[in-house]
Amino acid sequence: MRINSEEAALIRKTIDTASRGEWSIFRELSDEPFLNESAMQEQFEMASVEIRSMSNPKTTASLQRGPKGSRMIYVDVVDKNTSSKRVQVILHSVVKEDGCKIGIWVFAPMPN
């Protein structure tokens, strides 16, 4: 099981959008509504500051089977120069014949 091109593109877009602090664009990237939009915006704003403070960000991703045949994508953004900065992203992807529906479930800085 591998991350497909649509999922990889969304990962890039979420990180790029956060690095520019563009909440209005970020919120449109998720195909699923946020469970609590104000909480997600707060997480986004904190994660955005964290990503912008990284001098050398590196993104790694892993994929697991989710409920009802869906896919859970776990993404870590870390600063290569220091292990003290980290942002976690969790995406929920449902692959269909006509493409993917991908929801952003978590986008938050993680404590040291």
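This is a predicted model, so every value here is computed, not measured.

Cut-offs and rules
- Residues numbered from 1 in each chain as written.
- Predicted model: local features only at pLDDT ≥ 70, side-chain atom pairs only at ≥ 80, totals over all residues.
- Heavy atoms only, no water.
- Patch = residues over 30% accessible without salt bridge, like charges linked within 9 Å, V, L, I, M, F, W, Y side chains within 5 Å.
- Areas by Shrake-Rupley, 256 points an atom, 1.4 Å probe, with all protein chains shown as cover.
- Salt bridge = Lys/Arg side-chain N within 4 Å of Asp/Glu carboxyl O.
- Lys, Arg positive; Asp, Glu negative; His and termini not counted.
- Charge placed at Lys NZ, Arg CZ, Asp CG, Glu CD.
- Helix = DSSP H or I, 4+ residues; strand = E, 2+ residues; numbered from the N terminus.
- Pairing = 2+ DSSP bridges.
- Axes fitted to C-alpha atoms, helices over the stretch in contact; angles between N-to-C directions.
- Contact = heavy atoms within 4.5 Å.

1. A few points about a negative patch on the surface
A surface patch of like charges, here negative, comprises Glu6, Asp31, Glu97 and Asp98. Structurally, the position occupied by aspartate 31 is in the loop between helix H2 (23-29) and helix H3 (37-52).

2. Some details on the sheet that holds strand S1 (residues 57-65)
Each strand in a sheet pairs with its neighbour through backbone hydrogen bonds, running either in the same direction (parallel) or in the opposite one (antiparallel). Read across the sheet, four strands follow the order S1-S2-S3-S4 without closing on themselves; strand pairing throughout is antiparallel. Edge positions in the sheet fall to S1 and strand S4 (99-109), since each has one partner strand and no second. Each strand of the sheet is rotated relative to its neighbour by a mean of 20 degrees, with strand direction disregarded. When S1 meets strand S2 (residues 71-79), the two strands line up antiparallel, connected through nine bridges. Counterpart to proline 57 in the pairing with S2 is aspartate 79. Packing against the sheet, helix H1 (residues 5-20) makes contact with S1, S2, strand S3 (86-96) and S4, and its axis sits at approximately 35 degrees to S4. Contacting S2, S3 and S4, H3 runs over the sheet at an angle of about 70 degrees to S4.

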